[in-house]
Amino acid sequence: MILARIIPLAGFVGLGILFRWKKLLLPKTIEELKWLLVHVLLPGVLFRTFLSARLAPGLAAVAAAVFGANVVMYAAGLLLGRGLRHGGRYAPFLLSGMEYGMLGLALFTSLYGTARMEYIAVVDLGHEFFFWFLFVPVFSAREQGSKGFPVKAMLTSPINLSILAGLALNLAGVTGAI
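Every chain begins its residue count from 1, and numbering advances along the sequence as written. Totals for whole chains, interfaces and linings use every residue, but because this is a predicted model, local features are given only for residues with pLDDT of at least 70 and side-chain atom pairs only at 80 or more, for both listing and counting. The basis for every side-chain value is the complete set of heavy atoms in the structure, and neither hydrogens nor water enter the calculation.

Caption draft 1: Region of interest: the pattern of salt bridges. Salt bridges are defined by distance alone: a side-chain nitrogen of Lys or Arg within 4 Å of a carboxyl oxygen of Asp or Glu. Scanning the model with the defined rule gives 3 salt bridges in all. Among the salt bridges present, the one from Lys28 reaches Glu32, with a minimum N-O distance of 3.3 Å. Remark: Glu32 and Lys28 occur in helix H2 (residues 27-51); sequence separation between them is 4 residues, near one turn of the helix. Throughout this description, buried means an accessible area under 20% of the type-specific maximum (1.4 Å probe, protein chains only), exposed means over 50%, and partly exposed covers the range between. Looking at Lys28, the relative accessible area reads 60%, which means it is exposed. Residue Glu31 pairs with Lys34 through a salt bridge whose shortest N-O separation is 3.6 Å. Here Glu31 and its partner Lys34 are both found in helix H2, 3 residues apart, which amounts to about one turn of the helix. By definition, any uninterrupted DSSP run of H or I lasting at least four residues is a helix, any uninterrupted run of E lasting at least two residues is a strand, and each is numbered from the N terminus.

Quick look at the structure:
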């Protein structure tokens, strides 16, 4: 059963390799698809994930632990980066954050279906808050040469807004109506 679910995934990866090798998509098209993924599709998936998540008080500790682990890994990267001759500024970003949104949710739902997304959502919540509310805004600001914490970018991100909306509606108890 698992093999039947993995084969299509391997096929899509192979198709992506073929597309790149044959140059079937223009760079502009690839950028447009990335924009669509980050600004429309991923926010939709994350909204649904957190709208349907089983939010029990005991599970908040799991989310907090995952968030905390990412912060500890980021701090370790800051310390490690000081001792590196080259690329030290990237150490905190290389040591923290896991890939849940673009890859993890896609793999999980392809193996277990969207009806079981609530199980990964509990672990994912802590990671998504770390990744989208801290990691991405700080990384983007540093790459652009900005100083300070990018509050505006954090508060206007479609991904962050979808996470907050899904959680808010879930906590308001309107999941069934939606």
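Caption draft 2: Fine view of the confidence of the model for the protein. Chain-level statistics for the protein give a pLDDT mean of 85 and a share of 98% at 70 or above. At the level of individual helices and strands, the protein shows its lowest average pLDDT in helix H5 (residues 104-112), which scores 78, and its highest in helix H8 (residues 158-171), which scores 92. How sure the predictor is of each residue is captured by pLDDT, a score from 0 to 100.

Caption draft 3: Molecular detail of the side chain of Glu128. Among the secondary structure elements, Glu128 is positioned in helix H6 (residues 117-143). Charge assignment: positive for Lys and Arg, negative for Asp and Glu; neither His nor the chain ends contribute. No salt bridge is formed by the buried Glu128, whose closest oppositely charged neighbour, Arg48, lies at an N-O distance of 15 Å. Each polar contact in these results corresponds to two N or O atoms within 3.5 Å; when the atoms are within protein, one needs to be able to donate a hydrogen and the other to accept it, and residues that are neighboring in sequence are counted only if both atoms are side-chain atoms. Of the polar contacts made by the side chain of Glu128, one reaches the side chain of Trp132; its length is 2.5 Å.

Caption draft 4: Molecular detail of the nonpolar core. If you look at the biggest cluster of nonpolar residues, it comprises 22 residues, and the most contacted ones within it are Leu46, Phe50, Trp132, Ile159 and Ile163. Breaking this core down by element, the ones donating at least two residues are H2, helix H3 (57-82), H5, H6 and H8. Those residues in contact with Ile159, other than ones at most four positions away along the chain, are Val38, Leu42, Pro43, Leu46 and Trp132. Only buried residues count toward a nonpolar core. Its members are Ala, Val, Leu, Ile, Met, Phe, Trp, Tyr and Cys residues joined through side-chain atoms within 4.5 Å. Two residues form a contact once any of their heavy atoms are found within 4.5 Å.

Caption draft 5: View of H3. Helices are assigned an expected span. That span is 1.5 Å times one less than the residue count. Relative to the 38 Å expected for 26 residues at 1.5 Å per residue, H3 spans 39 Å between its end C-alpha atoms, a close match to the ideal helical length. Residues of H3 that are buried include every one of Ala63, Val66, Asn70, Tyr74, Gly77 and Gly81, and no others.

Caption draft 6: Focus on the side chain of Thr49. Mapped onto the elements of the fold, Thr49 is located in helix H2. For Thr49, a relative accessible area of 0% corresponds to the buried category. What Thr49 contacts, discounting residues up to four positions off in sequence, is Leu105, Met117 and Ala121.

Caption draft 7: Examining unusual backbone geometry more closely. For Lys23, which is not glycine, the phi dihedral falls at a positive 55 degrees. Following the sequence through the fold, Lys23 ends up in the loop between helix H1 (2-22) and H2.

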